[in-house]
Amino acid sequence: AQTVTQSQPEMSVQEAETVTLSCTYDTSESDYYLFWYKQPPSRQMILVIRQEAYKQQNATENRFSVNFQKAAKSFSLKISDSQLGDAAMYFCAYRSASYWDDKIIFGKGTRLHILP
Amino acid sequence: DSGVTQTPKHLITATGQRVTLRCSPRSGDLSVYWYQQSLDQGLQFLIQYYNGEERAKGNILERFSAQQFPDLHSELNLSSLELGDSALYFCASSRSGSNQPQHFGDGTRLSIL
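Thresholds applied
- Residues numbered from 1 in each chain as written.
- Chains lettered and ligands numbered in written order.
- Predicted model: local features only at pLDDT ≥ 70, side-chain atom pairs only at ≥ 80, totals over all residues.
- Heavy atoms only, no water.
- 1 Å grid on protein atoms, 1.4 Å probe; cavity = no way out; pocket = protein on both sides within 12 Å on 5 of 7 lines; lining within 4 Å.
- Points joined across faces, edges and corners; volume = space filled by probe spheres on them.
- Helix = DSSP H or I, 4+ residues; strand = E, 2+ residues; numbered from the N terminus.
- Nonpolar A, V, L, I, M, F, W, Y, C, P; charged D, E, K, R; others polar.
- Contact = heavy atoms within 4.5 Å.
- Polar contact = N/O pair within 3.5 Å; in protein donor to acceptor, adjacent residues only side chain to side chain.
- Buried < 20%, exposed > 50% of the residue type's maximum accessible area, 1.4 Å probe, protein only.
- Pairing = 2+ DSSP bridges.
- Core = buried A, V, L, I, M, F, W, Y, C linked by side-chain atoms within 4.5 Å.

Colleague: Even after reading the chapter, I still don't get the layout of surface pockets, so can you show me in this structure?
Modeller: Within this model, the largest pocket holds a volume of roughly 420 Å³. As for the largest pocket, its lining consists of 22 residues, of which Arg43, Met89 and Arg111 of chain A together with Gln37 and Leu39 of chain B are closest to the centre. Among the elements of the structure, β10 (88-96) and β12 (110-115) of chain A together with β4 (31-38) and β9 (87-94) of chain B are those that each provide at least two residues to the lining of the largest pocket. Among the residues forming the lining of the largest pocket, the class breakdown is ten nonpolar, seven polar and five charged. By volume, the second largest pocket is sized at about 310 Å³. Taken together, 16 residues line the second largest pocket, and the ones lying closest to its centre are Ile105 and Phe106 of chain A together with Leu43, Gln44 and Asn59 of chain B. Elements that contribute at least two residues to the lining of the second largest pocket include exactly β1 (3-5) and β11 (104-106) of chain A together with β5 (42-50) of chain B. Among the residues making up the lining of the second largest pocket, the classes are represented as six nonpolar, eight polar and two charged.

Colleague: Would you explain the environment of arginine 95 of chain B in this entry?
Modeller: Residue and element names in this part refer to chain B. The topology assignment puts arginine 95 in the loop between β9 and β10 (103-104). Separated by 66 residues in the primary sequence, arginine 95 and aspartate 29 have C-alpha atoms spaced 4.4 Å apart. Residues contacting arginine 95, with those up to four places away along its chain left out, are Arg26, Ser27, Gly28, Asp29 and Gln100. Of note is the side chain of arginine 95, whose polar atom sits 3.2 Å from the backbone oxygen of serine 27. Separated by 3.1 Å, the side chains of arginine 95 and aspartate 29 make a polar contact.

Colleague: Would you explain the pairing of strand β2 (residues 10-14) of chain A in this entry?
Modeller: Note on strand geometry: in a regular strand, side chains alternate between the two faces of the sheet. Residues and elements named next belong to chain A. Here β2 shows a clear split, with Met11 and Val13 buried on one side and none of Glu10, Ser12 and Gln14 buried on the other. Where β2 lies against β12, five bridges are found, and the strand directions are parallel. Residue pairing across strands places methionine 11 opposite leucine 112, the latter belonging to β12.

Colleague: I keep staring at the nonpolar core and nothing clicks. Help me out?
Modeller: Generally speaking, soluble globular proteins have nonpolar side chains that are buried together. By size, the foremost hydrophobic cluster in this structure holds 27 residues, and its most contacted members are Leu21, Tyr25, Trp36, Phe75, Leu77, Tyr90 and Leu112 of chain A. At four residues, β10 of chain A tops the list of elements feeding residues into this core. If near-sequence neighbours (up to four positions away) are discounted, leucine 21 of chain A is found in contact with Gln8, Met11, Trp36, Ser76, Leu77, Tyr90, Thr110 and Leu112 of chain A. The next biggest cluster of nonpolar side chains, apart from the first, holds 20 residues, and it includes Ile47, Leu76, Ala87 and Leu110 of chain B.

Read these as geometric descriptors, not functional statements.
Here you go:
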């Protein structure tokens with residue numbers, strides 16, 4: 001079974017600084033997708049960024065980028081120029097590419113605080 | 001706005017009761033997924049339906065059941081409720097294919113007194 005581990009329950013960063021959230025996963029599959037979701041106090045689940053395992057290039061979405069290391073099964077999220085609105089719970093997630101098993105497996109989350 | 005609608009937003013009930021949570025997927029999405037978010041267990045997959053048929057089952061209790069109707073909306077039924085069932089229940093939907101992203105509703109907050 002696949003697992004997702006986020007080893008940092010909480011992190012803090014100064015506004016305008018850069019922060020990296022860590023995530024490791026375990027799977028025997030070769031084809032899958034990885035995601036970072038953001039959950040602000042409103043409790044909505046917002047997709048931040050997505051990475052296909054078959055792509056070597058790291059995904060980037062504006063101030064958000066990932067460092068995907070497939071061999072190490074590592075998938076970290078870097079947030080540049082942190083803003084107050086980035087304060088939220090961040091979940092790393094795994095999804096199989098299997099047609100019959102495409103549920104999402106979430107890590108426990110990292111709560112990110114932005115210090116003004 | 002994700003396009004996924006969940007009702008009600010909040011539900012307060014007592015132990016032993018039965019409730020039904022409703023989810024309307026985005027237009028065109030055939031797959032519906034249910035997740036439970038509790039403080040001690042985090043976000044866990046419960047069950048998936050695809051075009052009316054159950055496709056995958058996760059850590060769903062026998063007291064819980066779900067179905068997807070011909071109009072593709074889905075309902076999650078929770079019975080014999082216990083204090084530990086208090087959680088945020090999310091519905092997500094996606095188009096066919098695992099490369100399609102899942103879009104989450106705003107969730108239903110269930111509180112058991």
